[in-house]
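Residue-level listing of the chains:
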Amino acid sequence: MSETGRPRAAASDETFGLDDEALATHPTVYAESILAGKTALISGGAGGLGRATAWLMGRLGARVILAGRDEAKLAEAAETMRAKEIDAGFHALDIREPDAVQVLFDTFDGAGGIDMLVNSAGGQYPQAAIDFSVKGWNAVVNTNLNGTWYMMQAAARHWRDTGRPGSIVNIVVVVSHGLYGLAHTVAARSGVVGLSRAVAVEWAPLGIRVNCIAPGAIETPGWKVYTAETLAGYPDSNPMRRVGTAWEIAEACVYLAGPASSYVTGEVLNVSGGSQLWGETWAIPKPDYFKV
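Residues numbered from 1 in each chain as written. Predicted model: local features only at pLDDT ≥ 70, side-chain atom pairs only at ≥ 80, totals over all residues. Heavy atoms only, no water.

## Remarks on the layout of surface pockets
Here's step 1: Empty space within the largest pocket amounts to approximately 1500 Å³.
Here's step 2: Counting only elements with at least two residues in the lining of the largest pocket, the list comes to helix 2 (48–59), strand 2 (63–68), helix 3 (71–82) and helix 5 (134–162).
Here's step 3: The leading source of residues in the lining of the largest pocket is helix 2, at four residues.
Here's step 4: Grouping the constituent residues of the lining of the largest pocket by class yields 22 nonpolar, 19 polar and eight charged. (1 Å grid on protein atoms, 1.4 Å probe; cavity = no way out; pocket = protein on both sides within 12 Å on 5 of 7 lines; lining within 4 Å. Points joined across faces, edges and corners; volume = space filled by probe spheres on them. Helix = DSSP H or I, 4+ residues; strand = E, 2+ residues; numbered from the N terminus. Nonpolar A, V, L, I, M, F, W, Y, C, P; charged D, E, K, R; others polar.)

## Remarks on empty space enclosed by the protein
Here's step 1: Scanning all chains against the criterion turns up one cavity of 30 Å³ or more.
Here's step 2: Considering only enclosed or pocket space, the largest cavity measures out at about 40 Å³ in volume.
Here's step 3: If you list the elements that add at least two residues to the lining of the largest cavity, you get helix 5, strand 5 (166–171) and helix 6 (183–203).
Here's step 4: When its residues are assigned to classes, the lining of the largest cavity shows four nonpolar, four polar and one charged.

## Remarks on the environment of Trp159
Here's step 1: You can see Trp159 is positioned in helix 5.
Here's step 2: For Trp159, a relative accessible area of 1% gives the class buried.
Here's step 3: When the C-alpha atoms of Trp159 and Ile114 are compared, they prove to be 8.3 Å apart, with 45 residues separating the residues in sequence.
Here's step 4: Apart from residues lying up to four places away in sequence, Trp159 is in contact with Ile114, Asp115, Met116, Leu117, Arg164, Pro165, Gly166, Ser167, Ile168 and Ile208.
Here's step 5: A distance of 2.8 Å separates a polar atom in the side chain of Trp159 from the backbone oxygen of Ile114. (Buried < 20%, exposed > 50% of the residue type's maximum accessible area, 1.4 Å probe, protein only. Contact = heavy atoms within 4.5 Å. Polar contact = N/O pair within 3.5 Å; in protein donor to acceptor, adjacent residues only side chain to side chain.)

## Topic: helix 2
Here's step 1: Between its first and last C-alpha atoms helix 2 spans 17 Å; for twelve residues at 1.5 Å apiece the expected length is 16 Å, and the two agree.
Here's step 2: With ten of twelve residues buried, helix 2 lies mostly within the body of the structure.
Here's step 3: Taken together, the buried positions of helix 2 are Leu49, Gly50, Arg51, Ala52, Thr53, Ala54, Trp55, Leu56, Met57 and Gly58.
Here's step 4: Looking at the residues trailing helix 2, positive phi occurs at Gly61, about 105°. (Expected span 1.5 Å × (residues − 1).)

## Remarks on the side chain of Ser196
Here's step 1: Within the element layout of this structure, Ser196 appears in helix 6.
Here's step 2: Here the side chain of Ser196 touches Val192 through a polar contact of 2.7 Å, landing on its backbone oxygen.

## Examining the pairing of strand 5
Here's step 1: In terms of residue burial, strand 5 counts as a mostly covered element, since six of its six residues are buried.
Here's step 2: Here strand 5 shows a buried face lined by Gly166, Ile168 and Asn170 and a second buried face lined by Ser167, Val169 and Ile171.
Here's step 3: Sheet topology places strand 4 (residues 116–119) next to strand 5; four bridges connect them, and they run parallel. From the neighbouring strand, Met116 faces strand 5, where its bridge partner is Ser167.
Here's step 4: With respect to chirality, the unit in which strand 4 leads through helix 5 into the neighbouring parallel strand 5 is right-handed.
Here's step 5: By the bridge criterion, six bridges tie strand 5 to strand 7 (residues 208–215) in an arrangement that is parallel. By the bridge assignment, Gly166 is partnered in strand 7 with Ile208. (Pairing = 2+ DSSP bridges. Right-handed = clockwise from strand over helix to strand, strands pointing away.)

## Here we look at the pattern of salt bridges
Here's step 1: The full count for this structure, using the stated rule, is eight salt bridges.
Here's step 2: A salt bridge links Glu76 to Arg51, with the nearest nitrogen and oxygen atoms 3.0 Å apart. Of this pair, Glu76 sits in helix 3 while Arg51 sits in helix 2, and the two are 25 residues apart along the sequence.
Here's step 3: Using a relative accessible area of 37% as the deciding quantity, one classes Glu76 as partly exposed. (Salt bridge = Lys/Arg side-chain N within 4 Å of Asp/Glu carboxyl O.)

This is the structure in structure tokens:
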């Protein structure tokens, strides 16, 4: 991001967001070792928001397990973290496959279990909703809604069957206001929000908390798919008139997954500069008839 708080223009060789050096040293509001003795499973942990969350949780003493589809990227991320004395492992899987998700959780039954699940895996592409193909729509919904649910349910069963408490944090998007060009992910993430609220009630007697984080315009490597025109409008998509960082999402994850929020469940924490209240975010070029 530029010194003005505006994102840089898109380019094929551009790097967006915080690199590993920054994630390894960025100041945090949290005390050292507050997550010592805990294990965090982070889907989508090799990149973007998941990678930042893994770095922070690892720096705070947690054992982190990175999950995702690309084994090479997962191995690279875990190795980089281990070089900084973070206890990091990985497991490659497709969260859209419930059997593969079950295999993942079966590995924890004899390995000390997990304490926190952060669902950061997901994906979407910018396009006008009227042009979505059936295949494209299903791909986004299957990953962002179904895949998230398979992870949530498997974690809850793991905690129920082992008699352990646990916490789930689902990273969604701001679904309540002004996100255009990503209607498929709005539909899927709205489903995750509703689902999280429902099971937060059902699972509370089991000692399982379920919350969501709704990021606004957060600079990550995923911004490479957007045009310079689109990115130029992101700082003005919220009343704080800036874009956010993956670190700000990571610190929110630690709050909702960790002990500080032990009396919080079924909530959606907007980390968006207020874009859930005012502003609009266009992932595609804003149509001329809306421009003023």
